[in-house]
Amino acid sequence: MKKLINALAVALAFTGTAGAFHAVHAADYKPRIIRFGYGLAEDSNQGRAVKHFADDLSKRTGGKLKARGFASASLGSDTQMQNALIGGAQEMTVVSTATLVGIVKDFGVYDLPFLFANEKEADAVLDGPFGQKLAAKLQDKGLVGLVYWENGFRNLTNTKRPVAKLEDLQGIKLRVMQNPVYIDMFNSFGANAVPLPFSELFTALETKTVDGQENPVNTIQSSKFYEVQKYLSLTKHVYSPWIVLASKKWWDGLSADEKKAIQEAAVSSRDFERKDSREAAVKAVDFLKEKGMQVTVVSDAELARMREKAKPAFDKFAADGGAEVIKDLQAAIAVVRK
Ligand code: TK8
């Protein structure tokens, strides 16, 4: 190493040109600690992907940029972390896009039920112009949207009864994300929708403040909801994205090299996370059965009824300023389906 430095010093002394200087230009990385908060357990698809991001970023920057993961909402719920990022008190987070509606209303569009037919469609739309344009709307609000991760298709759990059809949901107190589309949708299904932050969900289920909830099977596993929930219905009613965010206040103070390294590590984490989540989801249903959950596969005919019932939620979102973004999303999906 010393030899190399000497050789470079000699080369520089001899040439002294800007060109030679450029050849030894070290990337501009300052030692930084990045607090990266997230809602799920460390041992979850979210936790594994945060770790992947941290390792990847450290490798790219010779250990200068260190992301430190804070699991289980220890830095706050999704919405609290969003506000901490806006204020500059926290550098990064990953949250459900559904919890961003208080900041950019259009994010509610992803929550309309039965939009994406499969993960491939979701990836193409989220990574393509539609997803990018929507993420860019966060900039004015103090957030930088880096990449989308997969939370996954959401399924229902509860303690009351197996849910095989709409009528079975009648009167079930169901925790939903703090988002009007979810509230309207589940109320229209006959449930009693109770908006709560995810960080309060396990306790709410345990104390029977609510009877049920809905989340992807990976989360039902990693958050141990099987300990407090008996019935699982495979409804796949919404494909739910997560979005990785940086504080704009903090981001604006980074060098171009630092931004580039973070962006590249974020893309790497996205590819890792989607693959990892999909592999885990294949095994999760069997795991949940082994833990004693009773699994109901909801028929296509019933899912079509649910879709029909959710129409008022669609219409309300459209009437509330969402018509344009629904149209754009449907057009983007149509392009992928061609
Ligand atoms: C974790 C949440 C979670 C989401 C929810 O912080 O709230 O139900 O699905 O993944 O973002």
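Residues numbered from 1 in each chain as written. Predicted model: local features only at pLDDT ≥ 70, side-chain atom pairs only at ≥ 80, totals over all residues. Heavy atoms only, no water.

1. Re the domain arrangement of the protein
Note on interface size: it is often stated as the accessible area lost on association of the parts. For clarity, the threshold we go by: Domain borders in the structure are assigned automatically or taken from a domain database. Here a residue-residue contact requires only that any non-hydrogen atoms of the pair lie within 4.5 Å. What counts as buried area is the accessible surface, traced by a 1.4 Å probe, that two parts surrender upon association, with contributions from both included. Salt bridges are defined as contacts in which a side-chain nitrogen from Lys or Arg sits within 4 Å of a carboxyl oxygen from Asp or Glu. Residues adjacent in sequence count toward polar contacts only when both atoms are side-chain atoms; beyond that, a polar contact is any pair of N or O atoms within 3.5 Å, and within protein one must be able to donate a hydrogen and the other to accept it. Helical segments are the DSSP runs of H or I of at least four residues, strand segments are the runs of E of at least two, and each set is numbered from the N terminus.
The domains assigned to the protein are domain 1 (2–151 + 241–282) and domain 2 (155–238 + 284–337). The distance between the C-alpha centroids of domain 1 and domain 2 comes to 28 Å. Counting from both sides, the interface comprises 34 residues of domain 1 and, opposite them, 40 residues of domain 2. Across the domain 1/domain 2 interface, buried area totals approximately 3,100 Å², and carbon plus sulfur atoms make up 66% of it. Three residues stand out in domain 1 for area buried against domain 2, namely Leu112, Pro113 and Phe114, and they jointly supply 24% of the buried area on that side. Applying the counting criterion to the domain 1 and domain 2 interface returns two salt bridges. Here Asp328 and Lys133 are joined by a salt bridge, their closest N and O atoms 3.9 Å apart. Scanning the region where domain 1 abuts domain 2 turns up eleven residue pairs in polar contact (both at pLDDT 80 or more). Secondary-structure elements contributing two or more residues to the side of domain 1 that touches domain 2 are helix 5 (119–127), helix 6 (129–136) and helix 11 (256–290). With four residues, helix 11 is the largest single contributor of residues to the side of domain 1 that touches domain 2.

2. Quick word on the sheet that holds strand 2 (residues 65–70)
Where we set the bar: At least two bridges found by DSSP between two strands is the condition for calling them paired. Here an angle of 0 to 180 degrees is reported between the N-to-C directions of two axes, which are lines fitted to C-alpha atoms, with helices fitted over the stretch in contact.
Strand order in this open sheet of five strands is 2-1-3-10-4, and the pairing throughout is mixed. Since the sheet does not close on itself, it has two edges, and those belong to strand 2 and strand 4 (143–153), each with one partner. Pairwise comparison of adjacent strand axes, ignoring direction, gives a mean angle of 20° for this sheet. In terms of strand pairing, strand 3 (residues 92–96) meets strand 10 (residues 239–247) through five bridges, oriented antiparallel. Bridge pairing in strand 10 places Met92 opposite Ala246. Contacting strand 1 (32–38), strand 3, strand 4 and strand 10, helix 4 (residues 78–87) crosses the sheet at an angle of about 145° to strand 3.

3. Topic: the side chain of Asn215
If you trace the backbone, Asn215 turns up in strand 8 (residues 212–215). At a separation of 3.0 Å, a polar atom in the side chain of Asn215 contacts the side chain of Gln213. Residues contacting Asn215, with those up to four places away along its chain left out, are Asn151, Phe153, Arg154, Asn155, Arg175, Phe198, Leu201, Ile220 and Phe225.

4. Digging into the pattern of salt bridges
Threshold: The cut-offs for exposure are 20% and 50% of the maximum accessible area for each residue type, with area from a 1.4 Å probe on protein chains only; residues under the lower value are buried, those over the upper are exposed, and the others partly exposed.
Across all of its chains, the model carries 25 salt bridges by this definition. Between Glu279 and Lys275 there is a salt bridge, and its shortest N-O distance comes to 3.3 Å. Of the two residues, Glu279 and Lys275 are both situated in helix 11; the distance of four residues between them amounts to about one turn of the helix. Looking at Glu279, the relative accessible area reads 41%, which means it is partly exposed. When its relative accessible area of 55% is taken as the criterion, Lys275 is described as exposed.

5. Topic: the site of the ligand
What counts, and what does not: Here a residue is near a molecule or strand as soon as one of its heavy atoms is found within 4 Å of it. All residues other than Ala, Val, Leu, Ile, Met, Phe, Trp, Tyr, Cys, Pro, Asp, Glu, Lys and Arg, Gly among them, are scored as polar; the first ten of these are nonpolar and the last four charged.
Close contacts around the ligand come from Gly39, Leu40, Asp78, Ser96, Asn151, Arg154, Arg175, Met177, Phe198, Asn215 and Trp242, and that covers them all. Contact between the ligand and Asp78: an oxygen atom at 2.6 Å from a side-chain N or O atom of the residue. Between the ligand and the protein, one listed contact pairs an oxygen atom with a side-chain N or O atom of Trp242 at 3.0 Å. Along the lines of polarity and charge, the residues of the shell around the ligand split into four nonpolar, four polar and three charged.

6. So, the packing of aromatic side chains
So the rule is basically this: Side-chain rings of Phe, Tyr and Trp, where Trp is taken by its six-membered ring, are said to pair if the distance between their centres is within 6.5 Å; with planes under 30 degrees apart they count as stacked, over 60 as edge-to-face, and otherwise as tilted.
Tallying each qualifying case throughout the model produces eleven aromatic pairs. Centroid distance Tyr110 to Phe130: 6.1 Å. Interplanar angle 80°. Geometry classified as edge-to-face. Here Phe130 lies in helix 6 and Tyr110 lies in the loop between strand 3 and helix 5, a separation of 20 residues in the sequence. With relative accessibility at 0%, the residue Tyr110 sits in the buried group. Assessed through its relative accessible area of 12%, Phe130 is described here as buried. Relative to Phe287, the ring of Tyr226 lies with its centre 5.4 Å away and its plane at 75°, an arrangement referred to as edge-to-face.

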